[in-house]
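Coordinates in review
Single-letter residue listing:
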Amino acid sequence: MTKWITAILLMTTAAVAQQTHNQYEPPKAAGAGQKLLAQFAGEWDVVKTFFPMNGKPIVTKATCKQYMIQDGKFLQSDFTFFNSDGTKSTGTGISGFDPKTNRFTTVWYDSRQTTMSIRQSDGTFDGKNIVLWATALDTERPGRKTVARAHLEEDGRLLLRRHFLVDDKGNERMMIELRMTRQ
């Protein structure tokens, strides 16, 4: 009998805790940003072009599988890059949109580094273009100022992601372009 009472009390406590959490942080439905992110889902052939400060651009081939996770609220992007020396590297991005703030947030990590990068939009969203600004994790050393832009072309068959370095005067120089063609 004591076990039954304990079990009922534990279940009741769990139900109350969940209700409290839902009141504190109500669940949110997907918004306009998720609808755009869902259009990015699929398998892609990728041409990555890196534009160094000096010299010729460096082109790398890759593949990417993108899919919606967490009940359609986030886009996960899994990249495999095929390096010219025959090695591979991988990277993963998680992108989300908060309809309350109208902001996209993206986290990136890859096999080349032990750091993560975070980018966030400024709250302006036109329904077609994602514009993400680098967000410093270390406010003591904010690092380079960069902006990334992504949009679909050719009726959703081409996804362009371009990363720009922004100088102190606000001038932009393209650093990386990912041309993603739907398979």
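Read on for a plain summary of the structure.

About the cut-offs
- Residues numbered from 1 in each chain as written.
- Predicted model: local features only at pLDDT ≥ 70, side-chain atom pairs only at ≥ 80, totals over all residues.
- Heavy atoms only, no water.
- Salt bridge = Lys/Arg side-chain N within 4 Å of Asp/Glu carboxyl O.
- Helix = DSSP H or I, 4+ residues; strand = E, 2+ residues; numbered from the N terminus.
- Patch = residues over 30% accessible without salt bridge, like charges linked within 9 Å, V, L, I, M, F, W, Y side chains within 5 Å.
- Areas by Shrake-Rupley, 256 points an atom, 1.4 Å probe, with all protein chains shown as cover.
- Buried < 20%, exposed > 50% of the residue type's maximum accessible area, 1.4 Å probe, protein only.
- Arc of directions from axis to C-beta.
- Phe/Tyr/Trp six-rings, centres within 6.5 Å; stacked < 30°, edge-to-face > 60°.
- Lys NZ or Arg CZ within 6 Å of the ring centre and 35° of its normal.
- Polar contact = N/O pair within 3.5 Å; in protein donor to acceptor, adjacent residues only side chain to side chain.
- Contact = heavy atoms within 4.5 Å.

What to know about the pattern of salt bridges
With the rule as written, the count across this model stands at three salt bridges. The closest approach of N and O atoms between E172 and R149, which form a salt bridge, is 2.9 Å. Within this pair, whereas E172 is found in strand β10 (residues 172–182), its partner R149 is found in strand β8 (residues 146–153), the two being separated by 23 residues in sequence. When the shortest N-O distance is used, the salt bridge between E177 and R162 registers 2.6 Å. In this pair, E177 is assigned in strand β10 and R162 in strand β9 (residues 158–166), connecting sequence segments 15 residues apart.

Some details on unusual backbone geometry
Although it is not a glycine, Q70 sits at a positive phi angle of roughly 55 degrees. Within the chain, D71 stands out as a residue other than glycine whose phi angle is a positive 60 degrees.

Observations regarding a nonpolar patch on the surface
Residues Y109, M116 and L137 make up a contiguous nonpolar surface patch of roughly 330 Å² in combined accessible area. You can see L137 is positioned in the loop between β7 (130–135) and β8. On the basis of relative accessibility, which here comes to 60%, the residue L137 falls in the exposed class.

Re helix α2 (residues 32–39)
When we look at burial in α2, the residues that qualify are G33, Q34, L36 and L37. Taken around the axis of α2, the buried residues stretch over an arc of 160 degrees, which confines them to a single face.

Topic: the packing of aromatic side chains
For any two aromatic rings, the description comes down to two numbers: the centre-to-centre distance and the angle of the planes. According to the stated counting rule, one finds five aromatic pairs in the structure shown. A ring pair is formed by F79 and F81, whose centres lie 5.6 Å apart and whose planes are at 5 degrees; its orientation type is stacked. A single burial state applies to F79 and to F81, both of which are buried. Arranged with centres 5.4 Å apart and planes meeting at 55 degrees, the rings of F97 and F125 form a pair that is tilted. With F97 in strand β4 (residues 88–98) and F125 in the loop between β6 (116–120) and β7, this residue pair connects regions lying 28 residues apart in the sequence. Classification of F97 by relative accessible area gives buried; the value is 9%. Overall, F125 belongs to the buried group, its relative accessible area being 16%. In this structure an aromatic cluster arises from ring pairing among F79, F81 and W108. A cation sits over an aromatic face here: K48 above F81, 5.1 Å from the ring centre.

Looking at the side chain of T106
Position of T106 among the secondary structure elements: in strand β5 (residues 103–110). Within the local environment of T106, its side chain forms a polar contact with the side chain of S95, the two groups lying 3.2 Å apart. With residues near it in sequence (within four places) discarded, T106 still touches I94, S95, S117, I118, R119 and L132.

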